[in-house]
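# Examination of the molecular architecture
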Number of protein chains: 2
Amino acid sequence: MPTQAEMKAVMQKYIDSFNNRNADTLVSLFADNARIEDPVGSQPIEGKEAITSFYQKGITLVNKLELAAPIRGSHSNSAAMAFIINMDMDGKEVQIHCIDVMTFNDSGKVVDMKAYWGPEDIKGV
Amino acid sequence: MPTQAEMKAVMQKYIDSFNNRNADTLVSLFADNARIEDPVGSQPIEGKEAITSFYQKGITLVNKLELAAPIRGSHSNSAAMAFIINMDMDGKEVQIHCIDVMTFNDSGKVVDMKAYWGPEDIKGV
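Worth saying up front: this structure is predicted, and the values here are computed from it rather than measured.

## Let's talk about the overall build of chain A
Broken down by element type, chain A carries three helices and seven strands. Taken from N to C terminus, the helices and strands of chain A fall in the order α-α-β-β-α-β-β-β-β-β. For 125 residues, the compact-globule formula gives about 14 Å, and the C-alpha radius of gyration of chain A, at 14 Å, lands near that figure. A principal-axis box enclosing the C-alpha atoms of chain A has dimensions of 40 × 30 × 30 Å. Taken over 125 residues, chain A has a buried fraction of 51%. By sequence separation, contacts in chain A at least 24 residues apart represent 52% of the contacts at least 6 residues apart. With the model as given, the accessible surface of chain A reaches about 5600 Å², and the carbon-plus-sulfur share is 49%. Charged side chains of chain A number 12 positive and 17 negative; the gap between the two group centres comes to 4 Å.

Next up, the structure:
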């Protein structure tokens, strides 16, 4: 099981990779069989190929991710963070207020990511 | 399925009930068969009786809960919030930096609560 510090470092790298527009690093944080549900309630994305497409597109839309509070760990192999996604939507910059929960495998790769944000958490529209 | 506003209102009531020391209101937010894992990785607490004991004790230890960022919804029956628990621990006031994820039934009651905080998210010890 990864340590608290290892999980938090991966989540910080997730933020930084978006801000540095580094899709390769972003995708490298995920296990080959990872599953992403973003937002929770939408059709999950599964496997490295689908995840790569998802982030290659995502990185072109996102201007900046900002942590809203320090990243939280757990007493297990999951961690969570509240952050704000600044992104372009229909030619306007909007802010999506989001919480991601990530679960890790023993190699410290993300196997499951759930992004909690609802239609009303998009601000500036 | 409850609306985004209904889920967020329940989570705000969770915060307020702690701050008002109202265990009855706090417990009333949960379904009879609810399951709590606080923190994630610990033994879950299940059912109204166990949940009542958990919060009756919790309310005597907690001085104040403070939201760290606005409550997030989802595109489903879950919502999440980042907050800080100010509580007494061994005679000192500590701050636990936490994210709760709650899942709701059709009546708007919480059926599942997961609290993400690790040993290193307790500050002031």
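## Section: unusual backbone geometry
Note the cis peptide between Asp38(A) and Pro39(A), where omega equals 0°. As for its placement among the helices and strands, Pro39(A) is situated in the loop between strand S1 (30-37) and strand S2 (45-46). For Arg21(A), which is not a glycine, the phi torsion comes out positive at approximately 55°. As for its placement among the helices and strands, Arg21(A) is situated in the loop between helix H1 (4-19) and helix H2 (23-28). One non-glycine residue, Asp90(B), adopts positive backbone phi at about 50°. Along the chain, Asp90(B) falls in the loop between strand S4 (78-89) and strand S5 (92-104). We classify Asp90(B) as exposed; its relative accessible area is 80%.

## Structural notes on the pairing of S1(A)
Summarising the sheet, S1(A) and strand S6 (residues 110-116) of chain A pair through four bridges and their orientation is parallel. Along S6(A), the bridge assignment pairs Glu37(A) with Lys114(A).

## So, the confidence of the model for chain A
Put simply, chain A has an average pLDDT of 96, and 100% of its residues get 70 or more. The ipTM, which scores confidence in the relative placement of chains, is 0.96 for this predicted complex, and the corresponding pTM is 0.97.

## Topic: the relation of the copies chain B and chain A
To go from the first copy of the chain to the second, apply a rotation about an axis and then a shift along the same axis. Rotating chain B by 180° and moving it 0.0 Å along the rotation axis overlays it on chain A with an RMSD of 0.0 Å. Taken together, the rotation angle and the small translation identify this as a two-fold axis. No C-alpha of chain B approaches the rotation axis more nearly than that of Ala82(B), which lies at 3.2 Å. Interface residue correspondence from chain B to chain A reaches 100%, placing this contact among same-surface, isologous pairings.

## Comments concerning the interface of chain B and chain A
Across the boundary between the two partners, chain B contributes 31 residues, which contact 31 residues of chain A. Considering only the surface of chain B that becomes buried against chain A, Arg72(B), His75(B) and Tyr116(B) emerge as the three largest contributors, covering 30% of it. The interface formed by chain B and chain A contains two salt bridges. A salt bridge links Lys8(A) to Asp121(B); the shortest N-O distance between them is 2.5 Å. Residue assignment for the side of chain B that touches chain A shows that the elements contributing at least two residues are helix H1 (4-19), S4 and S5 of chain B. Per element, the largest residue contribution to the side of chain B that touches chain A is six residues, and it comes from S4(B). Broken down by class, the residue content of the side of chain B that touches chain A amounts to 18 nonpolar, nine polar and four charged.

Rules and cut-offs
Along each chain, the written sequence defines residue order, and numbers are assigned to residues from 1. Following the order in which they are written, the chains are lettered starting with A and the ligands numbered starting with 1. Selection of residues for local features in this predicted model requires a pLDDT of at least 70, selection of side-chain atom pairs for listing and counting requires 80 or more, and totals for whole chains, interfaces and linings are taken over all residues. Side-chain measures were taken over the full set of non-hydrogen atoms in the model, leaving aside hydrogen atoms and water. The way it works is that DSSP assigns letters per residue, a run of H or I at least four long becomes a helix, a run of E at least two long becomes a strand, and they are numbered from the N terminus. Radius of gyration here is computed from C-alpha atoms only, and the compact-globule reference equals 2.2 Å multiplied by the residue count raised to the power 0.38. When accessible area is computed with a 1.4 Å probe and restricted to protein chains, residues below 20% of their type maximum are described as buried, those above 50% as exposed, and intermediate ones as partly exposed. Whether two residues are in contact is decided by their heavy atoms: any pair within 4.5 Å suffices. Reported accessibility uses the Shrake-Rupley method at a 1.4 Å probe radius. Residues are deemed covered only where the shown protein chains occlude them. The charge count includes Lys and Arg as positive and Asp and Glu as negative, but it does not include His or the ends of the chains. One atom stands in for each charge, and that atom is NZ of Lys, CZ of Arg, CG of Asp or CD of Glu. Any two strands with at least two DSSP bridges between them are considered paired. On a scale of 0 to 100, pLDDT captures the predictor's confidence in every residue. The copies are overlaid by a least-squares fit using only the C-alpha atoms of residues whose pLDDT is at least 70 in both copies. By buried area we mean how much accessible surface two parts lose on assembly, using a 1.4 Å probe and totalling the loss over both. Any Lys or Arg side-chain nitrogen located within 4 Å of an Asp or Glu carboxyl oxygen qualifies as a salt bridge. In this classification, Asp, Glu, Lys and Arg are treated as charged, Ala, Val, Leu, Ile, Met, Phe, Trp, Tyr, Cys and Pro as nonpolar, and every other residue, Gly included, as polar.

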